[in-house]
Amino acid sequence: MATTTMDLARTGKQARLRRAVLPYMYLLPAFAVMAVITFYPLIYQVIISFTDFQTKDLLLQLRSPKLNAVGFQNYIDIFTAGLPVQNFEFFRILTYNLWWAITNVMVHVPAGVLIAVLLNIPGLWAKKIYRALYVLPVVVPPIVVATVWRNIFDEQYGAMNQFLTSVAHLLGQVGPVHIRWLTDYAAPISWLLPNGPLTLAYYAMMIANFWLGWPFMTLVATGALQSIPKDLYEAASIDGASPSQQFWNITVPLLRPAMVPAAIYGFTLSFNLFNFVYFMTGGGPARSTEILVTFAFDLIRNLRLYGVAAAFAVIVFFVALTLFLITNRLTRATESYTEA
Amino acid sequence: MATISSAKSKNPVVRFFNMNTSGEVGGRDLPLWRQLLLQLLTLFIAAEVMFPIMYIITLSFSSKTTRPSALELFPKEISLGAYAQVLDHPTANPVSFLELLRNSFLLSFGVGLAAVLIAVTAAYAFSRFKFKMRQVLMVLVFVPLLMPAIGLSAPLYLLMNNFRVANCGKGVTAFYPFTSCTPGVTGKVTFNLRDSLLGVGVAMIAGALPFAVWNLKGYLDTIPKELEEAAMIDGADANQIFWKIVIPLAIPQLTVTFFLGFIGHWQEFALPWLFLTKPGDYTLAMTLYNMTGQYANSIPWNRFAAMAIIVAAPVAIIYIALQKNIVSGLTAGGVKG
């Protein structure tokens, strides 16, 4: 008798122990892998960010006799433009990067919503065909989009200048249009961004990224539009609300829960749009379209300043963390807005 | 009813902007003039969308190897010469198209699959179990998500550069960093993990894994718990519930997450471009980059266009085939934080 109750107690204990350990067993594969390829490199990154790690240290790394601890010098150099790199000012690149991401989203979201609303008009012909066509940019990989647009904006043979030439011909101009889209350093609107030039390349990239960006927003907005109950509009029109009132008081608030996360997703995407920027301008001309991630890449691949690159990555991480906390706030705020 | 209120205004411009855009309510038949106006607008947008696509298709079907002198948006000829040349001899490097395709495929397929397989149990643990340190561990997994993929590339590059196999001569092989050649002998490096597809793949998994955990957790959160509770009452233990109930239910999302990884890493450029030096390891994305920008002068544009279409094709096909699943699969993570 006594043994059976003890056995029961023991098995109960074992079961409880197993239940307590089980979650960690499930976590083990992911954490084992991440420990090796994520957490350890992150720590290593912080360590070498305080050194002058360069190509000379590549073979022996931390055991290299030539490796010097430099304290916060890398960080100071980055913030005070003390790097042996031309045209690099951290705060100019940060401002440009924020500006680039914000202006993209500010254009993509309204355009996406308006086109979704347009396609939602009852009785519009060939709606399905348009929907299928409009989704095409989402489907093409961004690297291909960037390379194609890079060629389109080629100053000699590009389609954009050729298109503008034929438009100019229609208007009576004779000579070919010869705009140096991606290489001209002069800023067309000089007051737009006070601490840096917004070169023509920026506008060219805005055009190309507009092509890439709005269809995704339309996709999201179409889904959200179709989930808005139709009787809301019926009730509103019975109450005498005009269609524009309905748009602002029903469509917009009910699209908001879907569009705010989409806008934030678009913002983060544009903020870190490495492939697109690197393929289109490589950050040029004179680093005027450089964003943080392309500069980080340049530090490693071309300048080979690994210590500085590590410090830069740490800074980029804190920038990303700050942005995340802000955007998280924004989503929370809108969440409570929809629940209220 | 809505049309009545908007019809009150005499001004056609005001009426256009006041039109009913709310969906199926009323006004099934658009007045012809309004329909035409809207068609003009939608056609204009369609033209904007089609412009680069038609441009690149026309270029790729051209047999002219010179650069385009005038804008052509419709193919005058259908020449597959550019495609044939790209497939036969993609770049000046001694590497065949099939090798490039294999490298791209191995990387994107391998990374997509590995990330899903490693992530799924962790996603389940975060979704269902309550345990100590849950919050802390979750933050640990999701913090790397904040970091742009480039952010980890410096340490990964340096750390992987440690793993080398060198031929020290006299039949002695050294496996760095565990064994090394006798001091004074500089061996010939025969393998460097950093300069290999395996190394790049591992580095790419570092970026793909947190996303996979996040994406799968978001989906698992939406599976109703009742099924698992019922199974538990029937005497199933946690592992049985996971393998027999959760996994089968999650198969669609596992597939979507895999394909998202596949699509994302099919275009991966930064890490391979940073890590790989041997042309035999190059991927399609790297080759495409070699055909543009400062390198483009020697490459005929029709071949570049054909290459662009070839690189885009697999992603486009997967995307179109799985469009609905991908959109819902992406948003699944957002339903619950």
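The rules behind each value
Residues numbered from 1 in each chain as written. Chains lettered and ligands numbered in written order. Predicted model: local features only at pLDDT ≥ 70, side-chain atom pairs only at ≥ 80, totals over all residues. Helix = DSSP H or I, 4+ residues; strand = E, 2+ residues; numbered from the N terminus. Buried ≥ 20, exposed ≤ 12 C-beta atoms within 10 Å, placed from the backbone. Contact = placed C-beta atoms within 7 Å. Rg over C-alpha atoms; globule rule 2.2 N^0.38 Å. pLDDT = per-residue confidence, 0-100. Pairing = 2+ DSSP bridges. Axes fitted to C-alpha atoms, helices over the stretch in contact; angles between N-to-C directions. Nonpolar A, V, L, I, M, F, W, Y, C, P; charged D, E, K, R; others polar. Arc of directions from axis to C-beta. Core = buried A, V, L, I, M, F, W, Y, C linked by C-beta atoms within 7 Å. Parallel < 35°, antiparallel > 145°, perpendicular 65-115°, else oblique. Left-handed = near helix turned anticlockwise from the far one by under 90°.

## Some remarks on the overall build of chain B
Assigned secondary structure in chain B consists of 14 helices and 3 strands. Here chain B, with 337 residues, has 42% of them falling under the buried criterion. Sequence separation of at least 24 residues holds for 68% of the intrachain contacts in chain B that already meet a minimum separation of 6.

## Focus: the overall build of chain A
Counting secondary structure elements, chain A contains 13 helices and 0 strands. Along chain A, from the amino end to the carboxyl end, the secondary structure elements read α-α-α-α-α-α-α-α-α-α-α-α-α. By the compact-globule yardstick of 20 Å for 340 residues, chain A is too spread out, its C-alpha radius of gyration being 27 Å. By principal-axis analysis of the C-alpha atoms, chain A measures approximately 100 × 70 × 30 Å. Pairs at least 24 residues apart make up 67% of the contacts formed inside chain A by residues separated by at least 6 positions.

## Describing the confidence of the model for chain B
All names here are of chain B. When the pLDDT values of chain B are averaged, the result is 82; 87% of them are 70 or greater. Per-element mean pLDDT across chain B ranges from 39 in helix α1 (residues 2-7) up to 93 in helix α5 (residues 97-128). Prediction confidence for the complex, expressed as pTM and ipTM, is 0.84 and 0.82 respectively.

## Focus on the sheet that holds strand β3 (residues 188-192) of chain B
The strands that make up a sheet pair up through hydrogen bonds in the backbone, lying either parallel or antiparallel. Residue and element names in this part refer to chain B. Pairing is antiparallel in the open sheet, where 3 strands are placed in the order β2-β1-β3. Only two strands of the sheet have a single partner each, and these edge strands are β2 (172-175) and β3. In this sheet, adjacent strand axes meet at a mean angle of 25° when their direction is disregarded. As paired strands, strand β1 (residues 164-169) and β3 are joined by 4 bridges and run antiparallel to one another. Paired with Arg164 across the strands is Asn192, a residue of β3.

## Some remarks on helix α12 (residues 292-301) of chain A
Counting buried residues along α12 of chain A, 9 of its 10 residues qualify, which places the element largely inside the surrounding structure. Restricting attention to buried positions, one finds in α12 of chain A the residues Leu292, Val293, Thr294, Phe295, Ala296, Phe297, Asp298, Leu299 and Ile300 of chain A.

## With respect to the interface of chain B and chain A
Contacts between the two partners involve 85 residues from chain B and, on the opposite side, 82 residues from chain A. The greatest single-element share of the side of chain B that touches chain A, amounting to 12 residues, is contributed by helix α3 (residues 32-60) of chain B. Residue composition of the side of chain B that touches chain A, grouped by class: 61 nonpolar, 20 polar and 4 charged.

## Re unusual backbone geometry
With the exception of glycine, most residues fall at negative phi, and the peptide bonds are largely trans. One non-glycine residue with positive phi stands out, namely Asn87 of chain A, at about 60°. Judged by local crowding, Asn87 of chain A falls into the partly exposed class, with 14 C-beta atoms found within 10 Å. One non-glycine residue with positive phi stands out, namely Met133 of chain B, at about 70°. Tracing the sequence through the fold places Met133 of chain B in the loop between α5 and α6 (134-146).

## A closer look at helix α9 (residues 230-238) of chain A
For the α-helix, the turn length of 3.6 residues means that residues three or four positions removed from each other point alike. All names here are of chain A. The set of residues buried in α9 consists of Tyr233, Ala236 and Ser237. Each buried residue of α9 sits inside an arc of 95° when the element is viewed along its axis, so together they form one side. Across from the buried face of α9, at angles greater than 90 degrees, the exposed residues are Asp231, Ala235 and Ile238. Positive backbone phi, approximately 90°, marks Gly240, located one or two places after α9.

## What to know about the nonpolar core
Of all hydrophobic cores here, the largest spans 168 residues; its most connected members are Ala296 and Ala309 of chain A together with Ala119, Leu209 and Ala308 of chain B. Discounting chain neighbours no more than four positions away, the residues touching Leu209 of chain B are Ala30, Val33 and Met34 of chain A together with Ala115, Ile118 and Ala119 of chain B.

## Comments concerning the packing of α6 of chain B against helix α8 (residues 197-220) of chain B
Helix-helix packing is characterised by the crossing angle of the two axes and by the distance between the axes. Residue and element names in this part refer to chain B. Running from N to C, α6 and α8 point in directions that differ by 120°, and their axes come no closer than 8 Å. As far as their axial angle goes, α8 and α6 are oblique. Of the two elements, α6 crosses α8, and the hand of that crossing is left-handed. Listed contacts from α8 to Val141, Phe142, Pro144 and Leu145 of α6 are Pro210, Phe211, Val213 and Trp214. Residue classes in the contact of α6 with α8 are distributed as 8 nonpolar, no polar and no charged.

## Remarks on the confidence of the model for chain A
The predicted model of chain A has a mean per-residue pLDDT of 85, with 94% of residues at 70 or higher. Mean pLDDT across the elements of chain A bottoms out in helix α13 (residues 306-339) of chain A (82) and peaks in helix α3 (residues 90-119) of chain A (93).

## Looking at the packing of α3 of chain A against helix α8 (residues 200-226) of chain A
Residue and element names in this part refer to chain A. The N-to-C vectors of α3 and α8 enclose an angle of 50°; their axes lie 7 Å apart at closest approach. Taken as axis vectors, α3 and α8 run oblique relative to one another. Our pair here, α3 against α8, has a crossing hand that is right-handed. Every residue of α8 that contacts α3 at Thr103, Asn104, Val107, His108, Val109, Ala111, Gly112, Val113, Ile115, Ala116, Val117 and Leu119 is listed here: Met206, Asn209, Phe210, Gly213, Trp214, Met217, Thr218, Ala221, Thr222 and Leu225.

## Considering the pairing of β1 of chain B
Residues and elements named next belong to chain B. Pairing between β1 and β2: 4 bridges, direction antiparallel. Across the sheet, the residue bridging to Asn167 is Thr173, located in β2. Between β1 and β2, which pair antiparallel in sequence order, lie 2 residues; one of them, Lys170, sits at a positive phi of approximately 55°.

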